[in-house]
Amino acid sequence: MIDVNFVRENPELVAKGSMQKGVKVDIDKLLKLDQQRRDLLNQIDAIRQERNQVAQAASGKKPEAEQLAKGQQLKTQLAQLENEFKTADKDYLELLRTVPNMPLEDVPVGSSEDDNVVYKSGGTPPQFAFTPLSHQEIGEKLGLIDKVRAAKIAGSRFAYLKGDLVRLQFAIVSFVISELGNPELIAKLIADNHLNLPNHPFVPVLPPALLKTAPYEASARLNAEETTYKVEQDDLWLNASAEHTLCTMFMDEVLPKDELPLRFIGYSTSFRREAGSYGKDFEGILRLHQFDKLEMEVFSTPESGLEEHRLLVAIQEHLVSSLGLPYQMMNKCTFDIGKPNARGVDVNTWFPSQQLYRETHSADYLTDYQTRDLKIRTRMDNGKLELVHTNDATAFALGRILAAIIENYQDQDGHFSVPPVLVPFMGGQVKI
RNA sequence: GGAGAGGUACCGAAGUGGUCGUAACGGGGCGGUCUCGAAAACCGCUGUACGGGCAACUGUACCGAGGGUUCGAAUCCCUCCCUCUCCGCCA
């Protein structure tokens, strides 16, 4: 959540930033609740002080009747105020949590997806001498994607992926872990983008796929209505991205400053209810309830948070262009970056069957919006504890990137080539 | 799933209703004395959050979490979470 002190000191700014994100927040009401809450807390503290004094005076001997009476009276008073406080605190927190993170200066102001700004593209959409097929058509024909049987077993928006497509997925996983584990490549990307960062490699992580309510809520990523599955019996949630179990990993911890930035590449199956997307993307494997994803997560000092964000974007571009896929880099506007984000970039990849660039990656810079609730801090050189900054970014969402490969690398006879960079990870196989 | 043990500060660990949550003791860390320097020894310091104050400072809360009993709770009661050991089951 946002820093309440910032709201107190910059109410107009917060109102403006919220509006630009299309979020309605009653800042006046929030400040009123904040004041009310603090007033109650002061009263409570004063009574507690008195209670402590009475108890202290009675300490060690039989309390006098007068002390007993006073103590009981204070206790009643306290209980009442504490009750009031509980309600006030709840209302206050509820409202505070609706305040979005403030967008950075260079985020384009916009009111819909149409205001996102494409700032760069790479590669050229392939020209086919035939009508290109969709990944679903090719995948089905080659026996790589079976959604019919999956529907029988699990319902719509599930798929069996099979055969060489599975080999291709694990080739991608190996490729990414190998690239991100290479400090020389990290150093090169840092230099190419004029960043001032150390070249710590990314540590691969297989995180838990389920998590409890408390950390999920603190991460500001829980979307119970539309996205997140709940395992009711055990009071656990199925993660919707490895990011959710990565960003929460250090909850309640103080990270040693000289170990920052901590960079991770997590691999996890992700689960999404897709409750808000009826009828959208029903063909193929672009939007399933379950897909595997490689996700980068970085914990850094506040000073280097933005540069880490730029590094992650550079890595995304490197990964997509390594696969030889045509892509666009898009600066997301205030409306589209999402509530916890200060800045967001999407990578869109070309899908020949749709003649469209579709979102395959996103990079999110959250500043301290997550870590305030998660209580992830570091001790700065001046001895002060400060909230670390978090960044997350897709390395590859496997379903979507497999689909993009199938479509962009397809040939006349209904097969497709393995992107050259993945061939070594496929044991030399060049065609599927 | 069954049985048992336990969760106290940076770490280990004592504390079972009232002079102290900076919470014995030990270790670590920081500062100092000593030294050419270091080690050892000795002395001192060593949490977080929120509130009030220009500040010095000060109040409150925190002994896994949440409730309760009490004038007063780390200590008693209830619920929950987590860790460890053994048995069972299992990839």
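This text gives an overview of the structure that appears in the document. Residue positions are given per chain, counted from 1 along the sequence in the order it is written. All chains are assigned letters beginning at A, and all ligands numbers beginning at 1, according to the order in which they are written. This being a predicted model, a pLDDT of at least 70 is required before a residue's local features are given, and a value of 80 or more before pairs of side-chain atoms are given or counted; all residues contribute to the totals for chains, interfaces and linings. Water and hydrogen atoms were dropped before computing side-chain values, which therefore reflect all heavy atoms in the structure.

1. Some words on the overall build of chain A
Numbering of helices and strands runs from the N terminus; a helix is a DSSP stretch of H or I covering at least four residues, while a strand is a stretch of E covering at least two. Secondary structure summary: chain A contains 13 helices and 16 strands in total. Taking the principal axes of its C-alpha atoms as reference, chain A extends roughly 95 × 50 × 40 Å. Classification of the 432 residues of chain A by burial places 50% in the buried group. Partitioning the intrachain contacts of chain A with sequence separation of at least 6 by distance along the chain shows that 73% fall at a separation of at least 24. Under the convention used here, a 1.4 Å probe and the Shrake-Rupley method define accessible areas, while residue burial counts only the protein chains that appear. Accessible area for chain A stands at about 20800 Å²; split by element, carbon and sulfur atoms hold 51% of it. Just so you know, the count uses Lys and Arg for positive and Asp and Glu for negative, and it drops His and the chain ends. Here the site of a charge means atom NZ of a Lys, CZ of an Arg, CG of an Asp or CD of a Glu. A distance of 4 Å separates the average location of the 48 positive side-chain charges in chain A from that of its 61 negative side-chain charges. Partly exposed residues are those whose accessible area sits between 20% and 50% of the maximum for their type, while under 20% is buried and over 50% is exposed, using a 1.4 Å probe and protein chains only. Whether two residues touch is decided by their heavy atoms; if any such pair falls within 4.5 Å, the residues are in contact.

2. A few points about a negative patch on the surface
On the surface, a cluster of negative charge is contributed by Glu113, Asp114, Asp115 and Glu359. Inspection of the secondary structure assignment puts Asp115 in the loop between helix 4 (65-98) and strand 1 (117-122). Note that patches include only residues with greater than 30% relative accessible area and no salt bridge, and the join distances are 9 Å for like charges and 5 Å for nonpolar side chains (Val, Leu, Ile, Met, Phe, Trp, Tyr). One side-chain nitrogen of Lys or Arg within 4 Å of one carboxyl oxygen of Asp or Glu is enough to make a salt bridge.

3. Some points on the environment of Asp373
Note on placement: Asp373 falls in helix 12 (residues 371-374). Distance from Asp373 to Gly414, taken between C-alpha atoms, is 51 Å for residues 41 residues apart in sequence. Aside from chain neighbours lying at most four places away, what touches Asp373 is Met1, Arg97 and Ala218. Within the structure, the side chain of Asp373 is placed 2.2 Å from the side chain of Arg97, a separation counted as a polar contact. Any N or O atom pair separated by 3.5 Å or less is treated as a polar contact, with the protein-specific requirement of one donor-capable and one acceptor-capable atom, and with residues adjacent in sequence counted only for side-chain atom pairs.

4. Describing the pairing of strand 11 (residues 327-331)
Consecutive residues of a regular strand have side chains that alternate between opposite faces of the sheet. The element strand 11 is largely enclosed, with a buried count of 5 among its 5 residues. On strand 11, burial covers both faces: Tyr327, Met329 and Asn331 on one face and Gln328 and Met330 on the other are all buried. As judged from the 5 bridges shared by strand 1 and strand 11, these two strands associate in the antiparallel manner. Bridging from a neighbouring strand, Val118 pairs with Met330 of strand 11. Note on pairing: DSSP must find at least two bridges between two strands before they are called paired. Taken together, the 5 bridges between strand 11 and strand 12 (residues 343-351) define a ladder with antiparallel strand orientation. Bridge assignment links Met329 to a residue of strand 12, and that residue is Val347.

5. Comments concerning helix 7 (residues 164-180)
By this rule the span expected of a helix is its residue count minus one, scaled by 1.5 Å. Taking 1.5 Å per residue as the helical rise, helix 7 with its 17 residues ought to reach 24 Å, and the 24 Å between its terminal C-alpha atoms agrees with that figure. Taken as a whole, helix 7 has its buried residues at Asp164, Leu165, Leu168, Gln169, Ala171, Ile172, Val173, Phe175, Val176, Glu179 and Leu180.

6. Points about the nonpolar core
Side-chain atoms within 4.5 Å link the members of a nonpolar core, which is a set of buried Ala, Val, Leu, Ile, Met, Phe, Trp, Tyr and Cys residues. By size, the foremost hydrophobic cluster in this structure holds 57 residues, and its most contacted members are Leu168, Ile172, Val176, Leu294, Ile315 and Phe416. Per-element accounting of this core gives the leading share, 8 residues, to helix 7. Aside from chain neighbours lying at most four places away, what touches Ile172 is Leu294, Phe396, Leu398, Ile401, Leu402, Ile405 and Leu422.

7. A word on the sheet that holds strand 15 (residues 385-387)
Strand order in this open sheet of 3 strands is 8-14-15, and the pairing throughout is mixed. Both outer strands of the open sheet, strand 8 (254-255) and strand 15, are each paired with one neighbouring strand and no more. As paired elements, strand 8 and strand 14 (residues 377-379) share 2 bridges and run parallel to each other. Note on strand 14: the bridge partner recorded for Leu255 is Thr378.

8. A short note on the packing of helix 7 against helix 13 (residues 398-408)
Axis separation between helix 7 and helix 13 bottoms out at 11 Å; the angle between their running directions is 115°. When the interaxial angle is binned, helix 7 and helix 13 end up roughly perpendicular. Like other packed secondary-structure pairs, helix 7 and helix 13 cross with a definite hand, here right-handed. Residues Leu165, Leu168, Gln169 and Ile172 of helix 7 touch helix 13, and the partners they reach there are Leu398, Ile401, Leu402, Ile405 and Ile406. By residue class, the composition of the contact of helix 7 with helix 13 is 8 nonpolar, 1 polar and no charged. For every element, the axis is a line fit to its C-alpha atoms; helices are fit only across the contacting stretch, and the angle between N-to-C directions ranges from 0 to 180 degrees. We call two directions roughly parallel when the angle between them is under 35 degrees, roughly antiparallel when it is over 145, roughly perpendicular when it lies between 65 and 115, and oblique otherwise. Left-handed describes a crossing whose near helix is turned anticlockwise from the far helix by less than a right angle; the clockwise case is right-handed. Residues are grouped as follows: Ala, Val, Leu, Ile, Met, Phe, Trp, Tyr, Cys and Pro are nonpolar; Asp, Glu, Lys and Arg are charged; all remaining types, including Gly, are polar.

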